[in-house]
Amino acid sequence: MEKKIKLILLDIDGTIVNSSWDMTPLTKQTLTRLHAAGILLGIASGRPVDDISFHLKKWDLPFDFDVLVGLNGCEVQNNVTGAYSISHELDCQRLRTAVTLMQDHFDCIPFLYRGPLIHALKVDEVIRTSALKSGKQPVEVDLDTLCQSPCVKVMFRTKDGQTVAEMERFLQDTPTPGLKWFKTQETLMEVSDPDVSKALALPILCAQLDLPVEAIMACGDTTNDNEMLSQAGLGVCLANGTDDTKACADEITAIDNDHDGLARHWMEHHPELFD
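So, a few notes on the structure that sits alongside this text. Not measured: the values here are computed from a predicted model.

Quick notes on the rules
What you see as residue numbers is a count from 1 along each chain, following the sequence as written. Local features in a predicted model are, by the rule used here, given only for residues with pLDDT of at least 70; side-chain atom pairs are given and counted only at 80 or more, and totals for whole chains, interfaces and linings are based on all residues. As a rule here, side-chain values cover all heavy atoms of the structure and leave hydrogens and water aside. Two strands pair under a simple rule: DSSP has to find at least two bridges between them. Only DSSP runs of H or I with at least four residues qualify as helices, and only runs of E with at least two residues qualify as strands; both kinds are numbered from the N terminus onward. The contact definition used throughout considers only heavy atoms, calling two residues in contact when any of these lie within 4.5 Å. Note on geometry: axes are C-alpha line fits, over the in-contact stretch for helices, and angles between N-to-C directions span 0 to 180 degrees. How far a helix is expected to stretch is found by multiplying one less than its residue total by 1.5 Å. The cut-offs for exposure are 20% and 50% of the maximum accessible area for each residue type, with area from a 1.4 Å probe on protein chains only; residues under the lower value are buried, those over the upper are exposed, and the others partly exposed. Here the arc refers to the set of directions running from the helix axis out to each C-beta atom. When describing relative orientation, an angle under 35 degrees is termed roughly parallel and one over 145 degrees roughly antiparallel, while 65 to 115 degrees is termed roughly perpendicular and anything else oblique. Here the term charged refers only to Asp, Glu, Lys and Arg, the term nonpolar to Ala, Val, Leu, Ile, Met, Phe, Trp, Tyr, Cys and Pro, and the term polar to all other amino acids, Gly among them. Ring pairs shown here join Phe, Tyr and Trp side chains whose ring centres sit within 6.5 Å, with only the six-membered ring taken for Trp; geometry is labelled stacked below 30 degrees between planes, edge-to-face above 60, and tilted in between. Distance and angle both matter: a charge sits over a ring if NZ of Lys or CZ of Arg is within 6 Å of the ring centre and within 35 degrees of the ring normal. Between N or O atoms, a polar contact is any pair within 3.5 Å; within protein, one atom must be a potential hydrogen donor and the other a potential acceptor, and residues adjacent in sequence are included only when both atoms are from side chains. Note on definitions: salt bridges are taken to be side-chain nitrogens of Lys or Arg within 4 Å of carboxyl oxygens of Asp or Glu.

## Some points on the sheet that holds strand E2 (residues 40–44)
For sheets, the rule is that strands pair by backbone hydrogen bonds, running either parallel or antiparallel. Spatially, eight strands are ordered E5-E4-E3-E2-E1-E12-E13-E14 in an open sheet, and the strand pairing comes out mixed. For this open sheet the edge positions go to strand E5 (84–86) and strand E14 (251–252), each flanked by a neighbour on one side alone. Bridge analysis of strand E12 (residues 216–220) against strand E13 (residues 234–237) gives four bridges, and the strand direction is parallel. When the sheet's bridge partners are listed, Ala218 is paired in E13 with Gly235. Packing of helix H2 (residues 49–59) onto the sheet brings it into contact with E2, strand E3 (67–70) and strand E4 (75–78), and relative to E3 it is tilted by some 130 degrees.

Structure follows, in structure tokens:
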């Protein structure tokens, strides 16, 4: 069978790592086989590119990813061509509006990435753990410092998933022009420019790599993956994915991310990728 897919874009959390944030041996082996077969591989994450690079070192893969898409599509690093771009930053006023809205209604900690730092209105154990996972330094700041310069997104960490569910219900009934909200983890809500999605990277990569969008497979598990899965040539959602993301996918794996669901799906349903 002809190999039609040339590039695979992969979400991280809930997709290519398990619930302990480990990449299992089978997934490593499968990604290595795909790369050796000539498939271009990319990461597409809500995390910034430097954070993605930090994690890649821990996975100890025998190859470099060809593409890194960070900040939900706003940051694109093409390691094939050397091109880099960043776009769709929130201005200072929108940052302040979003933070104030959530602070006024919910028990949450707003934080954002500033280069090698994590700026947070409060640094607790959860923020420290997040910083350790990203290789960044957590710094407690006030509202003025948090919103002092444009940034692609602000994140709101909560103590439990119930608070995020309440946020979702609240935002359905509360107009927030100029802002787009989405859950990326059970205890994490994010806000960005309304045009932001991981799909932003698709036309950029198609032009840079001279590929039709039909040659791109996108794989993910939750809401911030939806547009990417819908607009790619083939969208794959994990069995553990959210219902809205499954509705956007062309295929759904039979097994979850804790049991190599994506790797097993490729081997069973797309053996042509390995030829």
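Now that the structure has been shown, the text picks up again.
## Quick word on the sheet that holds strand E10 (residues 180–185)
Strand order in this open sheet of six strands is E8-E7-E6-E9-E11-E10, and the pairing throughout is mixed. Strands with a single pairing partner mark the edges of an open sheet, and in this sheet they are strand E8 (137–140) and E10. The sheet shows a mean angle of 30 degrees between the axes of neighbouring strands, direction not considered. As paired strands, strand E6 (residues 109–114) and strand E9 (residues 153–157) are joined by three bridges and run antiparallel to one another. Bridge assignment links Pro110 to a residue of E9, and that residue is Phe156. The strands that helix H3 (residues 92–105) touches are E6, E9, E10 and strand E11 (188–192); relative to E9, the one it contacts most, it runs at about 10 degrees.

## Some details on helix H1 (residues 25–36)
Over its twelve residues, H1 extends 16 Å from the first C-alpha to the last, a length consistent with the 16 Å expected when each residue adds 1.5 Å. Listing the buried residues of H1 in full gives Leu26, Thr27, Thr30, Leu31 and Leu34. The buried residues of H1 occupy an angular sector of 130 degrees when the element is viewed end-on, so they sit on one face. For H1, exposure combined with an orientation more than 90 degrees from the buried face picks out Pro25 and Ala36. Contacts made by the buried residues of H1 are with strand E1 (7–10), E2 and helix H10 (261–269). Two residues or fewer after H1 comes Gly38, characterised by a positive phi angle close to 95 degrees.

## A word on the packing of H2 against helix H4 (residues 125–134)
For the pair H2 and H4, the least separation of the axes is 8 Å and the interaxial angle reads 70 degrees. In terms of their interaxial angle, H2 and H4 are classed as roughly perpendicular. Residues Asp51, Phe54, His55 and Lys58 of H2 touch H4, and the partners they reach there are Leu132, Lys133 and Ser134. Tallied by class, residues from the contact of H2 with H4 come to two nonpolar, two polar and three charged.

## Digging into the packing of aromatic side chains
On inspection of all chains with the given rule, the structure shows four aromatic pairs. Between Phe106 and Phe170 the ring centres are 5.4 Å apart and the planes differ by 80 degrees, which places this aromatic pair in the edge-to-face class. Here Phe106, found in the loop between H3 and E6, pairs with Phe170, found in helix H6 (residues 161–172); they are 64 residues apart in sequence, far enough to count as distant. Take Phe106: its relative accessible area is 12%, and that puts it in the buried class. For the cation-ring pair, Arg33 lies above Phe274, with the distance from its terminal atom to the ring centre recorded as 4.1 Å.

## Points about H4
Buried residues of H4: Ile127, Ser130, Ala131 and Ser134, and no others. Angularly, the buried residues of H4 cover 100 degrees about the axis, an arc narrow enough to put them on a single face. For H4, exposure combined with an orientation more than 90 degrees from the buried face picks out Glu125 and Leu132. If you follow the buried residues of H4, they end up packed against H2, E6, strand E7 (117–120), E8 and E9. For H4, the capping residue at the N-terminal end is Asp124, with a side-chain oxygen 3.1 Å from the backbone nitrogen of Val126. Within two residues after H4, Gly135 carries a phi angle of roughly 75 degrees, on the positive side.

## Side note on the pattern of salt bridges
Pairs may arise between side chains of opposite charge once their charged atoms sit close together. According to the stated counting rule, one finds 13 salt bridges in the structure shown. Asp144 is the partner of Arg96 in a salt bridge, and the nearest nitrogen-oxygen pair spans 2.6 Å. Linking Arg96 in helix H3 with Asp144 in helix H5 (residues 143–146), this pair joins segments that are 48 residues apart in sequence. Arg96 gets classed as partly exposed once you look at its relative accessible area, which sits at 28%. The partner of Lys198 in a salt bridge is Asp225, and the shortest N-O contact between them spans 2.6 Å. Linking Lys198 in the loop between E11 and helix H7 (201–209) with Asp225 in the loop between E12 and helix H8 (226–231), this pair joins segments that are 27 residues apart in sequence. Asp225 gets classed as buried once you look at its relative accessible area, which sits at 0%. Because the salt bridges share partners, they merge into one network encompassing Asp11, Lys198 and Asp225.

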